[in-house]
Every structure is written in C-alpha cells, then in structure tokens.
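Residue-level structure breakdown
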Amino acid sequence: MQANLITADPHLQYGFNEFGPIILALAVVVILGGIVGAVIVICGWHGARSTSVDFSRRTLTIVCR
Amino acid sequence: MSRSLHTACPILFPNDYLHLAAGVTVHGNQLQDTLVGMQHQLHGAGKLIAEQIEAGCLFGKLEKTAKQHAVEQAHLRGLLGFLNTVGALRIDRTRYSQLHAEIQWLQSAFLGTRLARLRRRYPASIRGITVAVLRGCLPVIGAIGVGALLSTRANVGSGISSLIAGTAAIAIFVFSVIAHEMSHLQLIKRYGTGVVVVQAGAHVTLLRQKVSSVQEVRIAIIGPAGGIALCLAAVFISVVRARQNIAWAAGGIAVLHLLSLLPNYSDGKNIWTAIFYSTTAKEIHE
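Summary of the structure given here. Keep in mind that this is a model prediction, so the values were computed, not measured.

Procedures and definitions
Residues numbered from 1 in each chain as written. Chains lettered and ligands numbered in written order. Predicted model: local features only at pLDDT ≥ 70, side-chain atom pairs only at ≥ 80, totals over all residues. Heavy atoms only, no water. Phe/Tyr/Trp six-rings, centres within 6.5 Å; stacked < 30°, edge-to-face > 60°. Lys NZ or Arg CZ within 6 Å of the ring centre and 35° of its normal. Buried < 20%, exposed > 50% of the residue type's maximum accessible area, 1.4 Å probe, protein only. Helix = DSSP H or I, 4+ residues; strand = E, 2+ residues; numbered from the N terminus. Core = buried A, V, L, I, M, F, W, Y, C linked by side-chain atoms within 4.5 Å. Domains from an automatic or database assignment. Contact = heavy atoms within 4.5 Å. Axes fitted to C-alpha atoms, helices over the stretch in contact; angles between N-to-C directions. Parallel < 35°, antiparallel > 145°, perpendicular 65-115°, else oblique. Left-handed = near helix turned anticlockwise from the far one by under 90°.

**Notes on the packing of aromatic side chains**
Applying the stated criterion across every chain yields a total of zero aromatic pairs over all chains. Here the guanidinium or amino end of Arg117(B) rests over the ring plane of Trp105(B), the centre of that ring lying 4.3 Å away.

**Looking at unusual backbone geometry**
All names here are of chain B. The phi torsion at alanine 70 lies on the positive side, around 55°, for a residue other than glycine. Taking the relative accessible area as the measure of exposure, alanine 70 reaches 69% and is therefore exposed. Of note, the phi angle at alanine 242 is positive, near 60°, even though the residue is not glycine. Secondary-structure assignment places alanine 242 in the loop between helix H7 (213-240) and helix H8 (244-259). Overall, alanine 242 belongs to the exposed group, its relative accessible area being 57%.

**What about the nonpolar core?**
Among soluble globular proteins, nonpolar side chains are generally buried collectively. All names here are of chain B. Within the largest apolar cluster, 35 residues are counted, with the highest numbers of intra-cluster contacts made by Leu18, Leu31, Ile49, Ile53, Leu62, Leu76 and Leu80. For this core, the secondary structure elements donating two or more residues are strand E1 (17-20), strand E2 (24-27), strand E4 (38-42), helix H1 (45-55), helix H2 (59-68), helix H3 (73-85), strand E6 (89-92) and strand E8 (195-200). The dominant element in this core, judged by the number of residues it contributes, is H3, at five residues. Here this core spans two domains, and each of domain 1 (3-111) and domain 2 (120-285) adds at least three residues to it. What leucine 18 contacts, discounting residues up to four positions off in sequence, is Leu12, Ile53, Gly56, Cys57, Phe59, Leu62, Leu80, Leu89, Arg90 and Ile91. Counting 31 residues, the second-largest nonpolar core is a separate cluster that includes Tyr122, Ala132, Val211 and Ile219.

**A look at the packing of H1(B) against H3(B)**
Residues and elements named next belong to chain B. At a minimum axis separation of 11 Å, H1 and H3 run at an interaxial angle of 50°. If you check the angle between H1 and H3, you find them oblique. When the axes of H1 and H3 are compared, the crossing they make is right-handed. Where H1 abuts H3, its residues Gly46, Ile49 and Ile53 lie against Leu76, Leu79, Leu80 and Leu83.

In structure tokens:
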C-alpha cells in the first residue's frame with residue numbers, strides 16, 4: 001500500500017483464506033426467516049400445520065393450523 | 001498486473017483512545033510487526049503519528065497533530081486504515097460510542113457506503129481461532145437460533161424438532177469453520193511463515209507472509225478440505241443415528257465450504273491469484 005504515510009512490507013500476504021460463506025449462511029437464515037415471517041403474517045401466531053417449498057413450480061404452500 | 005491491498009479506516013470518534021496491538025512497535029522509520037515478521041515503511045509525519053498511537057492517544061488529539069504537520073485527513077485515515085486492515089489498531093471507547101459506531105455502521109451498510117468495521121487480531125492458535133470464529137459467527141449463531149425457535153411456528157419440514165436441528169446446525173457450522181481455519185493455519189505454520197488471525201465482523205482472515213504459488217494453492221485448498229471433512233463426518237454420524245435433517249444441514253454446510261473455492265472469492269481467489277499472477281513484491285502495491 002502506498003498512502004504517503006506508510007508503505008506495506010512487500011512480503012505481506014493479506015490472505016484471502018477467509019471464511020466468506022458466512023455471508024451465504026446468513027442469506028440461508030434470512031430465507032428461512034422470510035418463510036417464518038410469511039407464515040406468521042398469513043396464519044397468525046398459531047403458525048402452520050405444514051409448510052413446503054416446490055422449487056420446480058416456484059411455489060410456497062402454507063397450510064395453517 | 002497489480003493487486004491492491006484494500007485498506008479500510010474504521011469509524012472513529014474524537015474521544016476514542018487509540019493504541020497499537022501487542023507485537024506491533026515503531027522503530028525508527030519502520031512499523032515492526034513481530035508476530036507476522038513484517039516491517040512496514042513509515043514516511044514523513046507517518047512516523048510521528050505512529051509513535052503517538054504507540055504511546056496511546058485520543059483520536060481528536062491525533063487529528064490536531066496531523067493538522068499541525070499539514071497532513072491531509074485522507075492520508076491520516078489511510079494510515080489508520082492500513083493499521084486497521086492488518087489488525088494493528090486498537091480502540092478503547094465508551095459503551096455509548098460503541099453503540100453509536102454500530103448504528104453508524106448499520107446506516108452505512110443500508111446506504112451502501114460500506115464503512116469499515118474494527119478488525120481484531122488474535123494469536124495463531126486453536127484458542128485464537130476459536131475466539132475469532134465465535135465472534136465472527138455470533139450474528140449467524142443468533143440468527144440460526146432465532147430462526148430455529150420461530151420455525152416451530154412455520155413447521156417447515158416435518159419430524160425432528162426444529163430446535164434440536166437448529167442447535168446441531170449451529171454446532172456443525174461453528175466447528176467446521178474452526179476446522180477450516182485450523183487446516184489453513186497448520187499448513188501455513190509448516191511453511192514457517194509468521195501468521196496472525198484477523199477478524200472483522202463475519203470475516204475471519206489469516207494475515208501472513210507470502211509463500212510460493214504452489215504453497216499458496218495448497219494452503220487455499222486445505223482449508224475447505226478440513227471443513228468438508230468435518231461436515232462429512234457429521235453427515236455420517238447423522239445418517240447412522242437416523243437424523244436426516246441434521247445430515248442435510250451438514251451437507252449444506254459442506255457445500256458452503258466448497259463454494260469458498262469459487263474464483264474471485266475467499267480461498268478460490270487465492271488459488272486464482274497464485275496460478276495467474278506471479279507472487280512478486282509488485283503485487284501488494286496500489
């Protein structure tokens with residue numbers, strides 16, 4: 001790095017060995033949270049008897065209790 | 001072809017007390033990082049500012065010093081950003097300031113301006129990795145826990161209790177990330193280079209010296225391999241114990257580790273760089 005006040009040691013490896021997919025895991029959790037939110041909005045706090053996702057038809061089926 | 005080291009100055013308030021992390025000292029015109037075995041060159045007023053941070057000072061006072069020596073704000077923040085990027089900057093602040101910084105960071109994330117988070121440095125040990133991973137995973141752990149509790153309302157899937165499945169998923173996720181990073185770390189240590197663990201938000205990174213391209217590729221591959229191995233063990237145990245949902249969760253987490261090998265992302269980026277760009281000193285300069 002050259003920012004006038006400091007130059008990084010040329011042997012520095014600011015590794016990319018980082019676990020970035022944590023962000024993807026958060027995305028999965030957000031999807032799950034979205035489904036739960038939809039169930040609570042549609043069915044109320046009693047929730048659903050069953051919830052299923054059909055990826056081929058792109059449908060989310062919620063059967064309320 | 002050059003590769004930039006993206007530096008990021010964290011959110012700072014005038015009353016923040018700044019100092020350097022353990023193992024980082026100023027010697028003459030050099031900022032020495034004994035844990036990683038690095039010597040960064042300080043220029044002009046950079047030495048004075050670094051010495052002031054080493055002695056410990058308030059950010060407001062540091063700004064005044066910079067102004068007295070005609071140092072531009074951008075350059076001061078460039079130096080502080082560099083120190084933060086390598087995990088060498090420590091900030092002591094009040095709880096109110098911590099909350100204020102978190103709110104500002106959330107606002108920046110929402111507005112897309114991407115202010116940097118404060119990076120923390122941990123020793124390259126199983127304890128250091130574990131603490132860094134737990135801190136990094138805390139939002140995920142909380143989110144999975146809340147999601148698992150709420151999903152009892154949605155009744156997603158059937159059979160096993162969502163709570164048990166959620167808890168198991170958290171445990172597999174955390175242990176697999178620790179296995180992932182420990183695998184990297186063991187190989188890096190074997191190559192005899194200095195290394196520390198740097199954690200910023202949900203990211204856990206290893207700061208180290210450069211090695212040869214072949215070694216870079218090996219280091220990049222061994223991490224996901226370690227994480228996947230632990231996930232596969234979890235899948236096996238879950239199948240044997242007839243816990244299909246947990247087996248699916250472990251399989252999903254294994255895929256996440258595999259995705260870290262995608263080009264231009266995480267470990268895959270390192271492989272790509274090692275194969276297609278020569279690892280010369282030029283690479284690190286902007």
